[in-house]
Amino acid sequence: MQDTIPEGKWQRAGIVGSTALKVGLREVQHKVKRPFLSAQRQQAAKQEVDDHNARQLFAALTQLRGTALKAAQMLSMEVELLPERYRRELEKSFHQVPPLNRVLVRKAVQAQFGKPPEHLFATFDSQAFAAASLGQVHAATLPDGTPVAVKIQYPGIHVAMDNDIQLLRKLARRLPNAEIALQSLQEIQARLREEVDYLHEAHTTEWFRGQLALTGVSVPQVYAEWSGERVLTTQFMHGKHLDDWLATNPGQALRDKAAQQLYDTLVYSTRTLKRLHADPNPGNYLFHDDGSVSLIDFGCVKQLSGTFAATLPRLLQAFLADDYDAIMRAYRALGMEHNQANPTWYQDVLRPFAEWAARPLREEHFDFGKHSDYTSTAREIIQRLAGTSGLNKVADEFIFFDRTIYGLCKMFERMGATVSIRQHWL
Amino acid sequence: MKINAQDQQLTRVRILEAAVDVITIKGFKSATMREIAKQAQVGDATIYNYFPTKEKLLYGYCEYVQQQVMLELKEISDFHEYSVQEQLQQLVETNLRVWLPAREFLQQVFEISFAEPVAGFTNIAETKRLFTAMVVDMLDAAVEAGEIPDQPYRELLPRLFWDYMTGIMAYWLKDTSEGFANTTQVIDRSMELVANILQQGMVGKLLDLASFLFRTHIMSHMDSLKNLYQAPDLAAAKRRFMEGK
């Protein structure tokens, strides 16, 4: 009966309420015990509490499924915001958005266009070929024979979404770094609202298709007549997902080419377009036999400020030069405040991070095959950065930029690709 | 002759739709047959040829909805490929979709049927028959195709599903979420439960349990009653009585 999902807000509230209560109870027990424990035992006990809380949190989230899960995914991508233990439990929840059966697919199409799928399309495959954010994708052909991908949203998911976020917010207050988690939940809610609005996505996809003028990178065409708020029809892109593509054993040159194009796209989007395709899920990229790539799924796009685009290179250069004053100037320019109370903060916390972030800039071509532990070495560093109160405020652009670059680097590691990163920033 | 029958059917539908309009605006109690006839553009006397009472109109529309649902399901070309869960879910969703323009009217049907359960029960019988016939169809096909095991007490299942449908409708009538999103979720999620119940033959097992308990405990009490009847002094007393002593 693992498939039965709690219904309605009342029952959901029950679940979260009880979990929050349990988490709270544990914390109290822990605090009561603490004075009597030795320092070492204290550390072990704290971990035990963290472990227990992570399990509770995860149990609550898996019971909620749907949007809560989506938000959980996004939160767990924000590695730096959650303690390792929470994150590990949350990552288990990936790839589990409930599927739509034929009845719901039909209902969604009918609700959008007033006609069932067979009256709209020449052919319509009732079995989805891919999962999408909060929905799934079906292969179909237009009446003129054009093959298309039809993305369909789980009916009513947008209504459940706000409730879920509300409940997650309750849970987040229990996290060790609640303030930053709450701040990013707010960002995530804004993104999720955009993500369930397929008209917005249609618009953004069209925009990127027009603006992203890089060879070897393509964006699908949107068919507006067959698209609406809850259904999005785009050109069917051939090509393979990362793992399938890698399974065909593409040569080093092809892998380097594909990775370089993805990195170039990131830089071009950040510095020139000032709009970022900010969902670094590997499922959102398709790879072709000639090493070219397609970007699909523009549900999560972050608008970047001019200041951010202008300051970012300066910040990276300051990281590279290990220049404390320049780093702080850049941070201040981005509206981030440094907490002066802790004098060793730079040395202990920020400096290792800066060193890590600047590492790919030290070489003309950075070989992710050789440095395949690049992202995994960062976890502890990033966590320490988020765990301390060195920064009072984090620019929300960073949440998305870091998430994107981190996701990309993970892909590069899997590809074992060599990428020229330095040239873009110096 | 055929045209005549067709005309009759069209008039019937026109009257039913007029009834929905008038009853929705005025409420069942205040609406009059005269107003409905006027709205349907038929004579005051004609309407009684089709529907002798206002109740007949009310439940006549419910039957009409089921006929519409049946037609819509037949329209779905790959419906036979649906799993039994999908078929049943489609039945529920189509019911709500066909009811949607007359949702307030349905509210009245609920109020009246629940206010007078006995009258409501007889009046709704035909609607129930039409609905359960579709469920029987789906279940039979699924059993025949080996999709679900043969269901003991199979005649009970469609009636239980009717009760489920009634519950869903009651929820839907109270649902204030945008686009009745909550109802969609309740249906989607509860259908998984229904599918599990069918898959496991759960209803049969529950009834088997009930019947076991009944046989073992109630019937054994019957035995002690029998013992009581056949107790030696009682039997002797009875014999004496019968023999007039």
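Residues numbered from 1 in each chain as written. Chains lettered and ligands numbered in written order. Predicted model: local features only at pLDDT ≥ 70, side-chain atom pairs only at ≥ 80, totals over all residues. Heavy atoms only, no water.

S.K.: Explain the overall build of chain A residue by residue, including any values.
M.R.: Each helix and strand counted, chain A has 17 helices and 12 strands in total. Taking as baseline every contact in chain A between residues at least 6 positions apart, the subset at least 24 positions apart corresponds to 72%. Total accessible area computed for chain A in this model is approximately 18400 Å², and 51% of it derives from carbon and sulfur atoms. (Helix = DSSP H or I, 4+ residues; strand = E, 2+ residues; numbered from the N terminus. Contact = heavy atoms within 4.5 Å. Areas by Shrake-Rupley, 256 points an atom, 1.4 Å probe, with all protein chains shown as cover.)

S.K.: Before we move on, could you go through the overall build of chain B and cite the residues and values that matter?
M.R.: Along its length, chain B carries 12 helices and zero strands. Each helix (α) and strand (β) of chain B, taken in turn from the N terminus, gives the series α-α-α-α-α-α-α-α-α-α-α-α. Its C-alpha radius of gyration of 25 Å places chain B more than 25% over the 18 Å reference for a compact globule of 245 residues. For chain B, the spread of C-alpha atoms along the principal axes amounts to about 80 × 50 × 45 Å. (Rg over C-alpha atoms; globule rule 2.2 N^0.38 Å.)

S.K.: Residue-level account of the sheet that holds strand S9 (residues 293-295) of chain A, with values.
M.R.: Residues and elements named next belong to chain A. The sheet built from three strands is open, its strands ordered S5-S9-S8 with mixed pairing. Since the sheet does not close on itself, it has two edges, and those belong to strand S5 (217-218) and strand S8 (285-287), each with one partner. In this sheet, S9 lies alongside S8 in antiparallel orientation, the contact comprising three bridges. Its bridge partner lying in S9, Leu286 is registered against Ser294. Against the sheet, helix H11 (residues 252-273) contacts S5, S8 and S9, and its axis sits at roughly 35 degrees relative to S9. (Pairing = 2+ DSSP bridges. Axes fitted to C-alpha atoms, helices over the stretch in contact; angles between N-to-C directions.)

S.K.: Give me the packing of helix H5 (residues 84-99) of chain B against helix H8 (residues 125-144) of chain B: which residues, what numbers.
M.R.: All names here are of chain B. Relative orientation of the contacting elements H5 and H8 amounts to 165 degrees, with a least axis distance of 9 Å. Looking at the two axes, H5 sits roughly antiparallel to H8. Handedness of the crossing formed by H5 with H8: right-handed. When H5 is examined against H8, the residues Val84, Gln87, Leu88, Leu91 and Asn95 are found in contact with a partner set consisting of Phe131, Met134, Val135, Met138, Leu139 and Ala142. Along the lines of polarity and charge, the residues of the contact of H5 with H8 split into nine nonpolar, two polar and no charged. (Parallel < 35°, antiparallel > 145°, perpendicular 65-115°, else oblique. Left-handed = near helix turned anticlockwise from the far one by under 90°. Nonpolar A, V, L, I, M, F, W, Y, C, P; charged D, E, K, R; others polar.)

S.K.: Can you explain the environment of His80(B)? Please cite residues and give values.
M.R.: Examined against the element boundaries, His80(B) turns out to sit in the loop between helix H4 (54-75) and H5. For His80(B) and Ala142(B), which are 62 residues apart along the polypeptide, the C-alpha to C-alpha distance reads 9.8 Å.

S.K.: Can you explain the interface of chain B and chain A? Please cite residues and give values.
M.R.: Across the contact, 24 residues belong to chain B and 22 residues belong to chain A. Counting the surface lost from both chain B and chain A, the interface buries some 2100 Å², and carbon and sulfur atoms represent 51% of this. The partner of Lys107(A) in a salt bridge is Glu93(B), and the shortest N-O contact between them spans 2.7 Å. At the boundary of chain B and chain A, one finds six residue pairs in polar contact (both at pLDDT 80 or more). Every element with two or more residues in the side of chain B that touches chain A is listed here: H5 and helix H10 (181-200) of chain B. Per element, the largest residue contribution to the side of chain B that touches chain A is 11 residues, and it comes from H10(B). (Buried area = accessible area lost by both parts, 1.4 Å probe. Salt bridge = Lys/Arg side-chain N within 4 Å of Asp/Glu carboxyl O. Polar contact = N/O pair within 3.5 Å; in protein donor to acceptor, adjacent residues only side chain to side chain.)

S.K.: How would you sum up the layout of surface pockets? Please name residues and give values.
M.R.: Estimated volume of the second largest pocket: approximately 830 Å³. Lining the second largest pocket are 33 residues, with Lys107(A), Ala108(A), Gln110(A), Ala111(A) and Arg97(B) positioned closest to its centre. The set of elements that each furnish at least two residues to the lining of the second largest pocket consists of helix H5 (102-113) and helix H6 (117-120) of chain A together with H4, H5 and H10 of chain B. A per-element tally of the lining of the second largest pocket places H5(A) first, with seven residues. Of the residues that constitute the lining of the second largest pocket, the class distribution is 12 nonpolar, 11 polar and 10 charged. (1 Å grid on protein atoms, 1.4 Å probe; cavity = no way out; pocket = protein on both sides within 12 Å on 5 of 7 lines; lining within 4 Å. Points joined across faces, edges and corners; volume = space filled by probe spheres on them.)

S.K.: Please set out the pattern of salt bridges residue by residue, giving values where relevant.
M.R.: Per the stated rule, a full pass over the model turns up 15 salt bridges over all chains. A salt bridge links Asp322(A) to Arg351(A), with the nearest nitrogen and oxygen atoms 2.6 Å apart. Of this pair, Asp322(A) sits in the loop between helix H12 (306-321) and helix H13 (324-333) while Arg351(A) is found in helix H14 (residues 345-358), placing the two residues 29 residues apart along the sequence. With relative accessibility at 35%, the residue Asp322(A) sits in the partly exposed group. In this structure Arg351(A) comes out as partly exposed when scored by relative accessible area, which is 31%. The closest approach of N and O atoms between Arg97(B) and Glu72(B), which form a salt bridge, is 2.4 Å. Within this pair, whereas Arg97(B) is found in helix H5, its partner Glu72(B) is found in helix H4, the two being separated by 25 residues in sequence. (Buried < 20%, exposed > 50% of the residue type's maximum accessible area, 1.4 Å probe, protein only.)

S.K.: Account for H5(A), naming residues and giving values.
M.R.: Residue and element names in this part refer to chain A. Spanning 12 residues, H5 covers 16 Å between terminal C-alpha atoms, matching the ideal 16 Å at 1.5 Å per step. Turning to H5, its buried residues are Arg102, Val103, Leu104, Val105, Arg106, Ala108, Val109 and Gln110. Sitting at the head of H5, Asn101 places a side-chain oxygen 3.1 Å from the backbone nitrogen of Val103. Once H5 finishes, Gly114 follows within two positions and takes phi at roughly 75 degrees, a positive value. (Expected span 1.5 Å × (residues − 1).)

S.K.: Hey, could you go over the domain arrangement of chain B for me, with residue numbers and the actual values?
M.R.: Residue and element names in this part refer to chain B. Split by domain assignment, chain B resolves into domain 1 (1-52) and domain 2 (59-220). For domain 1 and domain 2, the distance between their C-alpha centroids amounts to 29 Å. The interface of domain 1 with domain 2 comprises 11 residues on the first partner and nine residues on the second. Taken together, both faces of the contact between domain 1 and domain 2 bury some 840 Å²; the carbon and sulfur share is 73%. (Domains from an automatic or database assignment.)

S.K.: An account of unusual backbone geometry is requested, with residue identities and associated values reported.
M.R.: Trans is the prevailing form of peptide bonds, just as negative phi is the prevailing case for residues other than glycine. Residues and elements named next belong to chain A. If you check the backbone angles, Lys274 has positive phi at about 60 degrees while not being a glycine. In this fold, Lys274 is placed in the loop between H11 and strand S7 (275-277). Phi at Asp322 takes a positive value of approximately 55 degrees, unusual for a residue other than glycine.

S.K.: Go over the packing of aromatic side chains with me, naming the residues and quoting the values.
M.R.: Any pair of aromatic rings gets described here by the distance separating the centres and the angle formed by the planes. All chains considered together, the criterion is met by 23 aromatic pairs over all chains. The interplanar angle of 80 degrees and the centroid separation of 5.0 Å between the aromatic rings of Phe366(A) and Phe368(A) together place this pair among those described as edge-to-face. Phe368(A) shares its class with Phe366(A); the two are buried. The rings of Tyr263(A), Phe319(A), Phe353(A), Trp356(A), Phe366(A), Phe368(A), Tyr374(A) and Phe412(A) are connected pair by pair, giving a single aromatic cluster. Between Arg275(A) and the ring centre of Trp207(A), over which it is positioned, the NZ or CZ distance is 4.5 Å. Here Lys54(B) stacks its cationic end above the ring of Phe28(B), 4.9 Å away from the centre of that ring. (Phe/Tyr/Trp six-rings, centres within 6.5 Å; stacked < 30°, edge-to-face > 60°. Lys NZ or Arg CZ within 6 Å of the ring centre and 35° of its normal.)

S.K.: Could you give an account of the packing of H5(B) against H10(B), naming the residues involved and the relevant values?
M.R.: Residues and elements named next belong to chain B. Two elements in contact, H5 and H10, have axes whose closest approach is 9 Å; the angle formed by their N-to-C orientations is 145 degrees. The interaxial crossing formed by H5 with H10 has right-handed handedness. Residue-level inspection shows Val84, Gln85, Leu88, Gln89, Val92, Glu93 and Leu96 of H5 in contact with H10, the latter providing Thr183, Thr184, Ile187, Asp188, Met191, Glu192, Val194, Ala195 and Leu198. Per-class residue counts for the contact of H5 with H10 are nine nonpolar, four polar and three charged.

S.K.: Hey, could you go over the confidence of the model for chain B for me, with residue numbers and the actual values?
M.R.: Residues and elements named next belong to chain B. Looking at chain B as a whole, its pLDDT mean stands at 86, while 92% of the residues score no less than 70. Taken element by element, chain B is modelled with least confidence in helix H11 (residues 202-229), mean pLDDT 72, and with most confidence in H5, mean pLDDT 94. The ipTM value of the predicted complex is 0.71, and its pTM value is 0.70. (pLDDT = per-residue confidence, 0-100.)

S.K.: I'd like a rundown of the pairing of strand S4 (residues 147-153) of chain A, residues and numbers included.
M.R.: Residues and elements named next belong to chain A. Of all seven residues making up S4, six are buried, and the element is well covered by its neighbours. Across seven bridges, the pairing between strand S3 (residues 135-141) and S4 is antiparallel. Each bridged residue has a counterpart across the sheet, and for Gly135 the counterpart in S4 is Gln153. In this antiparallel pair of consecutive strands, S3 and S4, the connection spans five residues, and Gly145 shows a positive phi of 95 degrees. The pairing of S4 with strand S6 (residues 231-235) spans five bridges and is classified as antiparallel. Bridging from a neighbouring strand, Ile152 pairs with Val231 of S6.

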